[in-house]
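What follows is the residue order along each chain.
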Amino acid sequence: MSNQKLSPLSRIQGTLTFEGDKSISHRAVMFASLAEGTSVIENLSVSHDVQSTINIFRALGVDAKQQGNTLTVKSNGFKNFSEPKGQLDSGNSGTTARLMSGILSHLPFQTTIFGDASLSMRPMKRVINPIREMGAIIEVNEAGTLPMTYKPSASMHAMTYELPVPSAQVKSAVLLGGLFHDEKTCVIESEQTRNHTEILLNLETLLVDGKAHIFSSSKNFPVSQNYFIPGDISSSTFFIILALLLKDSELLIKNVSLNPTRTAALTLLQQMGGDITVQDVRISSNEQYGDILVKSSSLHNVEIPKSIMPNIIDEIPALAIAGMMAEGEFKLNNAAELRVKESDRIAAVVTNLKHLGLHVDEYQDGFSFTGKQDITNTAPVFESYDDHRIAMAFSLAAFLMKDGAEITNFDCIRISNPNFLNQIKELSK
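Please read all numbers here as calculations on a predicted model, not as lab measurements.

Caption draft 1: Quick look at the sheet that holds strand β20 (residues 366-370). Ordered by their spatial adjacency, three strands build an open sheet running β18-β20-β19, and the pairing between neighbours is antiparallel. Every other strand in the sheet has two partners, leaving β18 (329-332) and β19 (361-363) as the edge strands with one partner each. Across the sheet, the axes of successive neighbouring strands diverge by a mean angle of 10°, strand direction being ignored. The sheet contact formed by β19 and β20 spans three bridges and is antiparallel.

Caption draft 2: Highlighting the packing of aromatic side chains. In total, this model carries twelve aromatic pairs according to the counting rule given. Plain terms: the ring middles of Phe 330 and Phe 369 are 5.1 Å apart, the flat faces sit at 15° to each other, and that makes the pair stacked. Highlighted residues: Phe 330 in strand β18 and Phe 369 in strand β20, separated in sequence by 39 residues. With respect to burial, Phe 330 and Phe 369 carry one shared label: buried. With centroids separated by 6.4 Å and ring planes inclined at 55°, the aromatic side chains of Phe 410 and Phe 420 adopt a geometry described as tilted.

Caption draft 3: How the structure looks around the packing of helix α5 (residues 125-133) against helix α6 (residues 168-178). At a minimum axis separation of 10 Å, α5 and α6 run at an interaxial angle of 25°. When the axis of α5 is compared with that of α6, the two are roughly parallel. Note that α5 runs across α6; the crossing there is right-handed. On the side of α5, the interface is formed by Arg 126, Val 127, Pro 130 and Ile 131, while α6 contributes Val 170, Ala 173 and Val 174. Of the residues belonging to the contact of α5 with α6, the class tally is six nonpolar, no polar and one charged.

Caption draft 4: Fine view of the pairing of strand β9 (residues 148-151). Where strand β7 (residues 111-114) lies against β9, three bridges are found, and the strand directions are antiparallel. Bridging from a neighbouring strand, Thr 111 pairs with Tyr 150 of β9. As paired strands, strand β8 (residues 137-140) and β9 are joined by four bridges and run antiparallel to one another. Counted as the bridge partner of Ile 137 is Lys 151 from β9.

Caption draft 5: Geometry of the side chain of Thr 261. The topology assignment puts Thr 261 in the loop between β15 (250-257) and α9 (264-271). Thr 261 sits in the buried class, given a relative accessible area of 1%. Here the side chain of Thr 261 touches Asn 195 through a polar contact of 3.5 Å, side chain to side chain. When neighbours within four sequence positions are excluded, Thr 261 is seen to be in contact with Gln 192, Thr 193, Arg 194, Asn 195 and Asn 311.

Caption draft 6: Spotlight on the side chain of Ser 249. Tracing the chain through its elements places Ser 249 in the loop between α8 (233-245) and β15. Polar side-chain contacts of Ser 249 include one of 2.9 Å to the backbone nitrogen of Ile 12. At 3.1 Å, the side chain of Ser 249 forms a polar contact with the backbone oxygen of Leu 246. Excluding residues that lie within four positions of it along the chain, Ser 249 makes contacts with Arg 11, Ile 12, Gln 13, Ala 243, Val 294, Lys 295 and Ser 296.

Caption draft 7: Expanded view of the sheet that holds strand β11 (residues 185-189). The sheet built from four strands is open, its strands ordered β10-β11-β13-β12 with mixed pairing. The open sheet has two edge strands with one neighbour each: β10 (160-162) and β12 (204-208). Averaged over neighbouring strand pairs, the angle between their axes works out to 20° when direction is ignored. Here β10 runs beside β11; their pairing, made up of three bridges, is parallel. Its bridge partner lying in β11, Thr 160 is registered against Cys 186. Packed on one face of the sheet, α6 meets β10, β11 and β13 (211-216) and runs near 165° to β11.

Caption draft 8: Just the pattern of salt bridges, in detail. Summed over the entire model, instances satisfying the criterion amount to 22 salt bridges. One network of salt bridges, in which partners are shared, links Arg 122, Arg 194, Asp 314, Lys 341, Glu 342, Arg 345, Asp 387 and Arg 389.

Caption draft 9: View of the packing of α8 against helix α13 (residues 420-427). Where α8 contacts α13, the axes come no closer than 12 Å and their chain directions differ by 30°. By the angle between their axes, α8 is roughly parallel relative to α13. Taken as a pair, α8 and α13 cross one another with a handedness that is right-handed. Seen from α8, the contacting residues are Phe 238, Phe 239 and Leu 242; seen from α13, they are Phe 420, Gln 423, Ile 424 and Leu 427. For the contact of α8 with α13, the residue count by class is six nonpolar, one polar and no charged.

Caption draft 10: View of helix α2 (residues 48-59). Here α2 contains twelve residues, and its C-alpha end-to-end distance of 16 Å stays within 8% of the 16 Å for a straight helix at 1.5 Å per residue. Looking at α2, one finds that the buried residues are Asp 49, Val 50, Ser 52, Thr 53, Ile 54, Ile 56 and Phe 57. Gly 61 sits one or two positions beyond α2 and adopts a positive phi of about 100°.

Cut-off values and rules
- Residues numbered from 1 in each chain as written.
- Predicted model: local features only at pLDDT ≥ 70, side-chain atom pairs only at ≥ 80, totals over all residues.
- Heavy atoms only, no water.
- Pairing = 2+ DSSP bridges.
- Helix = DSSP H or I, 4+ residues; strand = E, 2+ residues; numbered from the N terminus.
- Axes fitted to C-alpha atoms, helices over the stretch in contact; angles between N-to-C directions.
- Phe/Tyr/Trp six-rings, centres within 6.5 Å; stacked < 30°, edge-to-face > 60°.
- Buried < 20%, exposed > 50% of the residue type's maximum accessible area, 1.4 Å probe, protein only.
- Parallel < 35°, antiparallel > 145°, perpendicular 65-115°, else oblique.
- Left-handed = near helix turned anticlockwise from the far one by under 90°.
- Contact = heavy atoms within 4.5 Å.
- Nonpolar A, V, L, I, M, F, W, Y, C, P; charged D, E, K, R; others polar.
- Polar contact = N/O pair within 3.5 Å; in protein donor to acceptor, adjacent residues only side chain to side chain.
- Salt bridge = Lys/Arg side-chain N within 4 Å of Asp/Glu carboxyl O.
- Expected span 1.5 Å × (residues − 1).

Shown next as structure tokens:
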């Protein structure tokens, strides 16, 4: 991997569209592969993570042909999956590894799933435990990390499971497991997390004593259909923040996901004073999407409530850059989950902010610092930690500085947005 030197920008202007949302893309590929028949997925994310999901289903015998951002999936259905010739590679994708647990545990043959060095350090017990409660036979090391081997089990069954901590991935793994049983599986969550699985499968959800009860069963098993994937809201957040921070900037982002469980970062930026307008809201496959108009703004930091944390967790590195340029104190708590992402994102953000000369207080579940500090005369080298979101977040800082900055191992951005630099170039002409 190579380092990347980034030059300062004066402003950005123009219109952007993004590849399909990564979370929705993963699920569309999974559901199209489980279903019998032909499905066409348009505006699919071409990120490395989604490619890992596609390749796993190809290894299971699914015919998936890709042309640009369109994927045509021809499947004989889950019951006709074939035994793979080798282990299944989930790459850097935690979504792939965790969601596939609900599927692989129901196969009549043994499979093993593994990941790259980074993913192999991330915790999997949170998904292993409930899937084992469902009757799965899973072999894994004592640390509960990849690789994981799934053996055929004759005792798989529906279950009720209450999430001990908010996790859309664990929730989805259990709900996917529920698709293979006539009896209802129920997942209970006290804090709402991303709901793409529920929306795409049209799952029944009831609110009981303030907690969501989400049900899946064989009646929800996916059927072949066509999907249009809205643009990736997480990838667009970096550009939204850059447009807010650079003077005389105006940016229109078209056809981007506006799922209510994904727009908390937008709302937070609006509360910070961001001039952000949502336009032309539409629906596809039960998912909301539309256009976002962003204009340069003066920002001030606000309190970040615990309740929105599950729905801004991916955007926090970028939000920290917005906070750095905003008036007042930026304070983050209740985000310990950041410690077990592609990197320890709390430590990564804190270390890179200190490279700028900021005084940063680090906590187990977050960090704090005073915003609106002068960083224009600093030209540090930022460490990406091989984490795409850290690399792109500190790209924003580089674009704001007088002499720009350098970022290590910048190629990691391909995990989610390989087109990042080309998009920046187009907007800054």
